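Listed below are the residues making up each chain.
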Amino acid sequence: MTSNSQLPPLPAPPASAERPFISHQDKPASDRVTQLLVDESSETQRVDNYLAKVLKGVPKSHIYRILRSGEVRVNKKRVTAEYRLQLGDEVRVPPIRIAEAAPKPGLPTVKPKLADMVIYEDDAMLALNKPAGIAVHGGSGISLGVIEQLRLERPQAKFLELVHRLDRETSGVLMIAKKRSALTALHEAMRQHKMDKRYVMMVQGQWQEAKKKVTLDLQKYVTESGERRVHVVDQPLLNTEPGGRKSLKSSGVIAKQHAAKGRFEVETQTSETWFYLQESLGQYSLLQAKLITGRTHQLRVQLSHLGFPILGDDKYGDFALNKQLSKQRLKRMYLHSSETRIAHPLTGEPLHLVAPLPAELENFLQHQRQLNVE
C-alpha cells in the first residue's frame, strides 16, 4: 500500500471558457466569457445601462443584440434589457472587443473641503450643508463641483450620486446617495411628493399673508448672450417674438425636433410653492417656503414675478438694491435650503436633515432686526 506522499498528483482541472467573477470596474475579456458579480453600486440598475457602463466604447446597438440573442445571461437565465439587477446577481458577458480608451490626464491634488460640511451620513446616503458659491456639479467653465470634489476626496467610494440639485448661489441641505438602491428610493419619494423641503429667504417688500400658495407656469428660455433663464408665462413665447427669448410651444413635431437639437426649450411646467411669513423687517420680509414641485429657479422666479425679489439675486432680483446690499454685509443671495424631512431610503425611518443658517445670512438678519428696533 502506498503512502499519501507517493500518490500520483491530481490531474489539472479542465480548461474553462469562463473566467472567475471580476469587478465591473475591470475590463471584460475579448477572447472568453466574463462573469461579473453585481455589487451595491449597480444594484437596481437596468441591465442594458449596466452593460453600457461595463462595455465602454461598445455601441448600444451591439449591447441590445447580445441581450436579444441570449449571449448575456443573468443567473444563467435570459433577461430583457429592462431587467433590474439585484445585489449578488451573476452576469455572463460574452467575448467582446472593446476599444482602448485614451489615457486619462492626471487628477489634481485633492485638498479635503467637504468633510466639515457633512450634517448626516450612513451607509446609504449623506447630506451636506453646501455653502453658497459652489456648484453641485462641474460644467459651464466649472471644473469641479460638489459631486466631483466628493469623488476625489473619497476615491474608495464605489457609488456617489447627487439626489437633487441646488443653485450655485443657494446654500443648505444637499443629499448624495451612496448606493444605487438609495438613489432610486429617494427619487421615487420625490416623484410621489413624500419629501418636505424647506427654504428660508429674505425678500424685498412687505409680505402680508401668513400663509400663501403660489401656482405659476414656468418656461425656460435662452437669452441673446446664450444664458439660460426661466420666466412666468400665460402662453409660451415663440422664438419669433421680441425680447431675445428663444422658446417654442410644447406641441408639434417640429418643435420637438428643434428641442432635440438643443435649439429651444419646449416644455412649460407648473410650479407650486407654499410660502409662510416668518418675520416682517421693515422694507424686507423673512419667508419660509415649502416646495411642492422642484422646477429650475422656482422660488427665485415666482417671488420676482410677485414683486418680492430675493435679496442678492443676480438673475431675477433688483440689481440696484443688490449693489447697495453688497456694501451692507450681504454679498450673496439670501436663499438657504434649511431643512428636509424624508423617510430613510432603505430603512424607512424618518430623517430630519437640518442645515443651520450660514453666518453671513444670520449676521444680516440680526442687523436688520436691530435697525427695526431702533
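Residue positions are given per chain, counting from 1 as you read along its sequence in written order. The predicted origin of the model limits local features to residues at a pLDDT of at least 70 and limits the giving and counting of side-chain atom pairs to 80 or more, whereas totals for whole chains, interfaces and linings rest on all residues. Side-chain numbers here rest on the full set of heavy atoms in the structure, without hydrogens or water.

1. Description of the environment of isoleucine 176
Here's step 1: Only DSSP runs of H or I with at least four residues qualify as helices, and only runs of E with at least two residues qualify as strands; both kinds are numbered from the N terminus onward. Along the chain, the position of isoleucine 176 falls in strand β8 (residues 171–177).
Here's step 2: Accessibility expressed as a relative area gives 0% for isoleucine 176, which makes it buried.
Here's step 3: As a C-alpha pair, isoleucine 176 and valine 146 span 30 residues in sequence and 9.9 Å in three-dimensional space.
Here's step 4: Any pair of residues with heavy atoms lying within 4.5 Å of one another is described as a contacting pair. Discounting residues that sit within four places of it in the chain, isoleucine 176 has contacts with Met125, Leu126, Leu128, Ile147, Leu150, Leu160, Glu161, Leu162 and Val163. A 1.4 Å probe rolled over the protein chains alone gives each residue an accessible area, and that area as a share of the maximum for its type sets the label: buried under 20%, exposed over 50%, partly exposed in between.

2. Concerning unusual backbone geometry
Here's step 1: In this model, asparagine 75 sits at a positive phi of 55°, which is unusual for a non-glycine residue.
Here's step 2: Structurally, asparagine 75 can be placed in the loop between β3 (73–74) and β4 (90–93).
Here's step 3: Judged by its relative accessible area of 34%, asparagine 75 is partly exposed.
Here's step 4: Unlike most non-glycine residues, arginine 329 shows phi in positive territory, near 80°.
Here's step 5: Tracing the backbone through its elements, the reader meets arginine 329 in the loop between α7 (319–325) and β14 (335–343).
Here's step 6: Among the residues examined, arginine 329 registers a relative accessible area of 54% and is labelled exposed.

3. Describing helix α3 (residues 146–153)
Here's step 1: Considered for burial, the residues of α3 that qualify are Val146, Ile147, Gln149, Leu150 and Leu152.
Here's step 2: For α3, the elements touching its buried residues are β6 (125–130), β7 (161–162) and β8.

4. Side note on the side chain of aspartate 48
Here's step 1: Secondary-structure assignment places aspartate 48 in helix α1 (residues 47–54).
Here's step 2: Accessibility expressed as a relative area gives 1% for aspartate 48, which makes it buried.
Here's step 3: A distance of 2.9 Å separates a polar atom in the side chain of aspartate 48 from a polar atom in the side chain of tyrosine 64.
Here's step 4: Other than its neighbours up to four places away in sequence, aspartate 48 contacts Ile63, Tyr64, Leu67 and Ala81. For the purposes of these results, a polar contact is taken to be a pair of N or O atoms within 3.5 Å, where, inside protein, one atom must be able to donate a hydrogen and its partner to accept one; residues adjacent in sequence count only when each atom of the pair is a side-chain atom.

5. Focus on the environment of threonine 270
Here's step 1: Relative to the helices and strands, threonine 270 resides in strand β12 (residues 268–281).
Here's step 2: Assessed through its relative accessible area of 34%, threonine 270 is described here as partly exposed.
Here's step 3: Taking the C-alpha atoms as reference points, threonine 270 and aspartate 217, separated by 53 residues in sequence, lie 4.4 Å from one another.
Here's step 4: Setting aside anything within four residues of it in sequence, one finds threonine 270 in contact with Thr215, Leu216, Asp217, Thr293 and Arg295.

6. A short note on the packing of aromatic side chains
Here's step 1: In this analysis, rings of Phe, Tyr and Trp, with Trp reduced to its six-membered ring, are considered paired at centre separations within 6.5 Å, and the interplanar angle assigns stacked below 30 degrees, edge-to-face beyond 60, and tilted for intermediate values. On inspection of all chains with the given rule, the structure shows four aromatic pairs.
Here's step 2: Through a chain of ring-to-ring contacts, the aromatic side chains of Trp207, Phe275 and Phe308 assemble into a single cluster.
Here's step 3: Its end group placed over the ring of tryptophan 274, lysine 211 keeps NZ or CZ at 4.6 Å from the ring centre.
Here's step 4: Criterion for a charge above a ring: Lys NZ or Arg CZ within 6 Å of the ring centre, and within 35 degrees of the ring normal. Arginine 229 extends its terminal NZ or CZ atom over the ring of tyrosine 316, reaching a point 5.9 Å from the ring centre.

7. Quick notes on the confidence of the model for the protein
Here's step 1: One number per residue, pLDDT, summarises how confident the predictor is, and it ranges from 0 to 100. Averaged over all residues, the pLDDT of the protein is 83; the fraction at 70 or higher stands at 79%.
Here's step 2: Counting interchain partners and residues more than four positions distant, the pLDDT-below-50 stretch residues 239–263 has 46 contacts.

8. As for the packing of α1 against helix α2 (residues 60–68)
Here's step 1: Axes here mean lines fitted to C-alpha atoms, for a helix over just the part in contact, with angles spanning 0 to 180 degrees between N-to-C directions. In the contact formed by α1 and α2, the axes pass within 10 Å of each other and the chain directions differ by 125°. With respect to α2, the element α1 is oriented oblique. Crossing handedness for the pair α1 and α2: right-handed. From α1, Val47, Asp48, Asn49, Leu51 and Ala52 reach across to α2, where they touch Lys60, Ile63, Tyr64 and Leu67.
Here's step 2: Only Asp, Glu, Lys and Arg are considered charged in this grouping, and only Ala, Val, Leu, Ile, Met, Phe, Trp, Tyr, Cys and Pro are considered nonpolar; every other residue, Gly among them, is considered polar. Of the residues in the contact of α1 with α2, the class split is six nonpolar, one polar and two charged. Each angle is binned into one of four classes, with values under 35 degrees roughly parallel, values over 145 roughly antiparallel, values of 65 to 115 roughly perpendicular, and all other values oblique. Here is the rule for handedness: rotate from the far helix to the near one, and if that takes an anticlockwise turn smaller than a right angle the crossing is left-handed, while a clockwise turn gives right-handed.

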